[in-house]
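# Observations on chain architecture
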Amino acid sequence: MKFPIDEQLSGQVLAFAIELYEAGILTDEGLPNFPKTGRERFFYLIKIIHREGIGNILADGVYHAARQIGKEAEQRLNTIFETQDKIANRIEQIKNQIAVL
């Protein structure tokens, strides 16, 4: 059986789940049997694809998942977005500086 999956979105969702787990926002209750290694965590995507447990919430993407999980998750997501914006702005500044050379 084949399942359509967005590679970029699935990576973001899994990274977000790991971030929340490591910060203690999601616990073993929310992520039962969550693997400890990156290799094993990759297979947790199957729960997202099948919308099992927390996978049902994560399958809708990081924005909707953060809203459903709650305030701490939303705050963490805002911090991630702010950091990404800062990095993108810095990259643009560096590109402009290189173009002048």
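Use the structure listed above.
Okay, so let's go over this structure. In this text, all values refer to a predicted model and were calculated from it rather than measured experimentally.

### As for the nonpolar core
- Counting 21 residues, the largest nonpolar core has Phe16, Leu31 and Leu58 as the members making the most contacts within it.
- Ignoring anything within four residues of it in the chain, the contact list for Leu31 reads Ala17, Tyr21, Leu26, Tyr44 and Ile54.

### Concerning unusual backbone geometry
- Here Arg51, not a glycine, exhibits a phi torsion of approximately 55°, which is positive.
- Take Arg51: it is sitting in the loop between helix 3 (45-49) and helix 4 (54-58).
- The exposure class of Arg51 is partly exposed, given its relative accessible area of 37%.

### Things to note about the packing of helix 5 (residues 62-69) against helix 6 (residues 71-100)
- Contact geometry for helix 5 and helix 6: axes closest at 7 Å, N-to-C directions at 145°. Contacts between helix 5 and helix 6 pair Val62, Tyr63, Ala66, Arg67 and Ile69 from the former with Ala73, Glu74, Leu77 and Phe81 from the latter.
- Residues belonging to the contact of helix 5 with helix 6 are distributed by class as follows: seven nonpolar, no polar and two charged.

The rules behind these values
- Each residue is numbered by its place in its chain's sequence as written, counting from 1.
- Residue-level local features of this predicted model are given only where pLDDT is at least 70; pairs of side-chain atoms are given and counted only at 80 or more, and the full residue set underlies all totals for whole chains, interfaces and linings.
- As a rule here, side-chain values cover all heavy atoms of the structure and leave hydrogens and water aside.
- Here the nonpolar core consists of buried residues drawn from Ala, Val, Leu, Ile, Met, Phe, Trp, Tyr and Cys, with membership extended through side-chain atoms lying within 4.5 Å.
- Each residue gets one of three labels from its accessible area relative to the maximum for its type: buried under 20%, exposed over 50%, partly exposed in between, using a 1.4 Å probe on protein chains only.
- The contact rule is simple, with two residues in contact once any of their heavy atoms fall within 4.5 Å.
- Strands here mean DSSP runs of E at least two residues long; helices mean DSSP runs of H or I at least four residues long; both are numbered from the N terminus.
- Convention adopted: a line fitted to C-alpha atoms gives each axis, helices being fitted over their contacting stretch, and angles between N-to-C directions are expressed from 0 to 180 degrees.
- Nonpolar residues are Ala, Val, Leu, Ile, Met, Phe, Trp, Tyr, Cys and Pro. Charged residues are Asp, Glu, Lys and Arg, and all others, Gly as well, are polar.

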